[in-house]
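A closer look at the structure
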Amino acid sequence: MTVTLHVCITCRAGQTLGEGETTPGKRLHGAILEAGVPDGVNVVPVECLSACSQGCSVALSAPGRWSYVYGRLSDANAQDVVAGAAAYAAAPDGLVPWRSRPEIFRKQSLARIPPIAVMPEAAE
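Residues numbered from 1 in each chain as written. Predicted model: local features only at pLDDT ≥ 70, side-chain atom pairs only at ≥ 80, totals over all residues. Heavy atoms only, no water.

- By the naming in an unreviewed UniProt entry, the protein goes by Putative metal-binding protein and is assigned to Bradyrhizobium sacchari.

Below you can see the structure in the form of structure tokens.
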């Protein structure tokens, strides 16, 4: 099953940017792609994760798994984000053991969201 790593590309990380300057979020997205996306991980740029006061942010999710939002990131954290995404992809329920998480995923978690229950469609 493929997991999704959402990367907020509009994040300014509290910086005032000049005309045409690349946002820190876009730099993080590019650094993640350059670091090499692990098998089973689909990287998706998104316009906003509503974690604006928390620096650059990413979210990991997959059907039937716990989802996570991480913040206070920069392009310097790309390798750790990729390692964390690989560990998440390998965990069948999305719960990566504490010691197996990169340090930034242990200390910079903004939210943990339970799996969304799939409701059967009503019979017509």
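**As for the environment of Gly84**
- Position of Gly84 among the secondary structure elements: in helix α2 (residues 78-90).
- With 16 residues separating them along the chain, Gly84 and Ser100 place their C-alpha atoms 8.5 Å apart.
- Beyond its immediate chain neighbours, meaning those up to four positions away, Gly84 contacts Leu60, Pro102 and Phe105. (Helix = DSSP H or I, 4+ residues; strand = E, 2+ residues; numbered from the N terminus. Contact = heavy atoms within 4.5 Å.)

**A look at the nonpolar core**
- Counting 28 residues, the largest nonpolar core has Leu5, Ile32, Val58 and Leu73 as the members making the most contacts within it.
- Listing elements by their share of this core, those giving two or more residues are β1 (3-8), α1 (24-35), β2 (41-46), β3 (56-61), β4 (67-73), α2 and α3 (103-107).
- When neighbours within four sequence positions are excluded, Val58 is seen to be in contact with Leu5, His6, Val7, Leu28, Ile32, Leu49, Tyr68, Val69, Tyr70 and Leu73. (Core = buried A, V, L, I, M, F, W, Y, C linked by side-chain atoms within 4.5 Å. Buried < 20%, exposed > 50% of the residue type's maximum accessible area, 1.4 Å probe, protein only.)

**So, the packing of α1 against α2**
- Direction vectors running N to C along α1 and α2 enclose 65°, while the axes themselves pass 8 Å from each other. Our pair here, α1 against α2, has a crossing hand that is right-handed. For the pair α1 and α2, the contacting residues are Ala31, Ile32 and Ala35 in the first and Ala78, Gln79, Val81 and Val82 in the second.
- Among the residues forming the contact of α1 with α2, the class breakdown is six nonpolar, one polar and no charged. (Axes fitted to C-alpha atoms, helices over the stretch in contact; angles between N-to-C directions. Left-handed = near helix turned anticlockwise from the far one by under 90°. Nonpolar A, V, L, I, M, F, W, Y, C, P; charged D, E, K, R; others polar.)

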